[in-house]
Amino acid sequence: MKAQVFDNVKVAGIACAVPNNKKYSDDYIDYYGKEGVERFKKATGIVSRYMSNGKQTASDLCYVAADELMKSKGLTGEDIDALIFVTQTADYCIPSTAFVLQKRLNIKTDCIVFDMNIGCSGFVNGIYILAGMIQSGMLQRALLLVGDAAVERPVTEDKSFSMMFGDAGSACILERGEGLIRGMIRSDGNGYDTLITPFPGARFPITEENLIRFEHPQKMDGDDTFLFTITKVPKLFKEFYKHFECSFEDFDYCMLHQANLMIINQITKKLKMPVEKVPVSIENYGNTDGASIPVGIVDLCESINEDKKLKLITSGFGIGLSWGVVSFDIDTKDVLPMIFTDDYYEEGYNV
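Quantities reported herein were computed from a predicted structural model and do not represent experimental measurements.

A. Quick peek at the overall build of the protein. The number of helices and strands found in the protein is 10 helices and 13 strands. The buried share of the protein, reckoned over its 351 residues, is 55%. Excluding contacts between residues fewer than 6 apart, the proportion of contacts in the protein whose partners are at least 24 apart in sequence is 78%. Accessible surface, the protein as shown: approximately 16,300 Å² in total, 48% of it carbon and sulfur.

B. Layout of the pairing of strand 10 (residues 253–256). Every second residue of strand 10 is oriented toward a common face, with Tyr253 and Met255 on one face and Cys254 and Leu256 on the other, all of them buried. Relative to strand 11 (residues 309–318), strand 10 runs parallel, the two sharing four bridges. Counterpart to methionine 255 in the pairing with strand 11 is threonine 314.

C. Structural view of the packing of aromatic side chains. Applying the stated rule across the entire model yields 12 aromatic pairs. When the centroid spacing of 6.4 Å and the interplanar angle of 20 degrees are considered together, the rings of tyrosine 28 and tyrosine 32 count as stacked. Here tyrosine 28 and tyrosine 32 have matching classes, each one buried. Taken together, the ring pairs in this structure connect Phe237, Phe240, Tyr241 and Phe244 into an aromatic cluster. Between lysine 55 and the ring centre of tyrosine 349, over which it is positioned, the NZ or CZ distance is 4.6 Å. Between arginine 104 and the ring centre of tyrosine 63, over which it is positioned, the NZ or CZ distance is 4.0 Å.

D. Spatial organisation of unusual backbone geometry. Residue proline 95 follows isoleucine 94 across a cis peptide bond; omega there is 0 degrees. Counting through the fold element by element, proline 95 comes out in the loop between strand 4 (82–86) and helix 3 (97–104). Of note, lysine 272 is a non-glycine position whose phi angle comes to about 55 degrees, a positive value. Counting through the fold element by element, lysine 272 comes out in the loop between helix 8 (261–270) and helix 9 (282–285). For lysine 272, a relative accessible area of 76% puts it in the exposed group. Backbone geometry at aspartate 289 places phi at a positive 55 degrees, although glycine is not the residue there. Overall, aspartate 289 belongs to the buried group, its relative accessible area being 12%.

Conventions we followed
Residues numbered from 1 in each chain as written. Predicted model: local features only at pLDDT ≥ 70, side-chain atom pairs only at ≥ 80, totals over all residues. Heavy atoms only, no water. Helix = DSSP H or I, 4+ residues; strand = E, 2+ residues; numbered from the N terminus. Buried < 20%, exposed > 50% of the residue type's maximum accessible area, 1.4 Å probe, protein only. Contact = heavy atoms within 4.5 Å. Areas by Shrake-Rupley, 256 points an atom, 1.4 Å probe, with all protein chains shown as cover. Pairing = 2+ DSSP bridges. Phe/Tyr/Trp six-rings, centres within 6.5 Å; stacked < 30°, edge-to-face > 60°. Lys NZ or Arg CZ within 6 Å of the ring centre and 35° of its normal.

Right, here's the structure in full:
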């Protein structure tokens, strides 16, 4: 998608929520051995992460983040014109979980509501789409919810899936106002099977045969994923700088998707960015998929601990294959501290 400038659209607030249930990488020494866990920590940078209490879903975490953010901004459901929920872990096959969140947040019926099934580029895609809708005049204010969580995360032989991912939900308010958002979005369906969970789905329904065939349904081609990331993402940054006639020096920080420490370091090195300007939050939260950029922004603002405007350039990349670069400003006072919660939607289990 071509480069876009979204005038008079601003990111008005960000909040994130994670479960209270904290797990450490060292907790897996009995499964993988001390040497295996140490290698994992060195390669990924992950020391700890937060995991669902067995009831919490991505929508529960996003609900808590959105509820707190709306209260902090003095907003009600009557003020929201669009709600997009970006997730790969929806509550149900149908309907879109966005409708559940609309109900829980008491958002008016005169509102655009839908899910987006996209992963680690979900935040930048969501910003891009909603900024365009606001600039077009369709909307005054929108709520972008991005999150993923696994109610169960079994330990398998694959450390990447057992120890890599943390659970988190984020909420971001975009609205018409004094601001400037710039973005470039890319996608390549030729890599659709590089990161894939084929079962269960319409092509592979739940049958005894498929249950056996897909005992461990997640598939990730680590080499292809790594190569894609360290080539396509730096190239897009360079296109962004050239098109918008800017450079990294025009931004305070670069917030990358927290895939793993090796990938973050490679992109940082290729783009010759100062490491102190590329914050890393994966150590404490793990790879939180699409929510990792807002989680990183929350973590960054907690460390800054003062009121100031930040000029951010962000990039998400992963499943699809998809990748994007989006820049925007945000005041640290509009970023809430990390929220820790055990809450879940009891009614959601009574269908």
